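One letter stands for each residue in the lines below.
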Amino acid sequence: GEIPKELGLMTSLEVLGLSSNQLEGEVPPQLGLLTKLRWLSIAENKLTGSIPKGFVRLKKLERLSLSRNQLEGALPAELSELSMLEAIQ
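Residues numbered from 1 in each chain as written. Predicted model: local features only at pLDDT ≥ 70, side-chain atom pairs only at ≥ 80, totals over all residues. Heavy atoms only, no water.

Trainee: Any chance you could explain a negative patch on the surface here in plain terms?
Mentor: Taken together, Glu2, Glu24, Glu26 and Glu72 make up a surface patch of like negative charges. As for its placement among the helices and strands, glutamate 2 is situated in the segment before strand S1 (15-17). (Patch = residues over 30% accessible without salt bridge, like charges linked within 9 Å, V, L, I, M, F, W, Y side chains within 5 Å. Areas by Shrake-Rupley, 256 points an atom, 1.4 Å probe, with all protein chains shown as cover. Salt bridge = Lys/Arg side-chain N within 4 Å of Asp/Glu carboxyl O. Lys, Arg positive; Asp, Glu negative; His and termini not counted. Charge placed at Lys NZ, Arg CZ, Asp CG, Glu CD. Helix = DSSP H or I, 4+ residues; strand = E, 2+ residues; numbered from the N terminus.)

Now the structure itself:
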């Protein structure tokens, strides 16, 4: 399956772990609406496309795990604006 776009409505989420779920498709830009998110793990799936530029709104994000997918392109330069971000995998 895909990552549900509706997750973007769960604005109180602080941790979202979706690793190793055989998820396919693109990373929905709606995840950029989760402004309280501190930890996001979508590693070890079959995700394609690029990282949404809207992730720049995740100002509280400390850890971002994206490894072992089929994502394309470079990380958005805007991620450098996330001052709380400690690790990207």
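Trainee: Hey, could you run me through the sheet that holds strand S7 (residues 87-88) in this one?
Mentor: Across a sheet, paired strands are connected by hydrogen bonds in the backbone, their directions being either parallel or antiparallel. Strand order in this open sheet of 4 strands is S1-S3-S5-S7, and the pairing throughout is parallel. Each end of this open sheet is capped by a strand with a single partner; those strands are S1 and S7. (Pairing = 2+ DSSP bridges.)

Trainee: Would you explain the sheet that holds strand S6 (residues 70-71) in this entry?
Mentor: One open sheet accounts for 3 strands, arranged S2-S4-S6; its pairing is parallel. If you trace the sheet from one side to the other, it starts and ends with strand S2 (24-26) and S6, each paired once. Both strand S4 (residues 46-49) and S6 contribute to a ladder of 2 bridges, which runs parallel. Residue glycine 49 lies in a different strand from S6, and its bridge partner there is leucine 71.

Trainee: What is the right way to read the pairing of S4 from this model?
Mentor: Residues in a regular strand project their side chains so that they alternate between the two faces of the sheet. Because side chains alternate across S4, one face comprises the buried residues Leu47 and Gly49, and the other comprises Lys46 and Thr48, none of which is buried. Strand direction decides the pairing type here: S2 and S4, joined by 3 bridges, are parallel. Of the residues in S4, the one forming a bridge with glycine 25 is leucine 47. (Buried < 20%, exposed > 50% of the residue type's maximum accessible area, 1.4 Å probe, protein only.)

Fair warning: the whole summary comes from geometry, so function is off the table for now.
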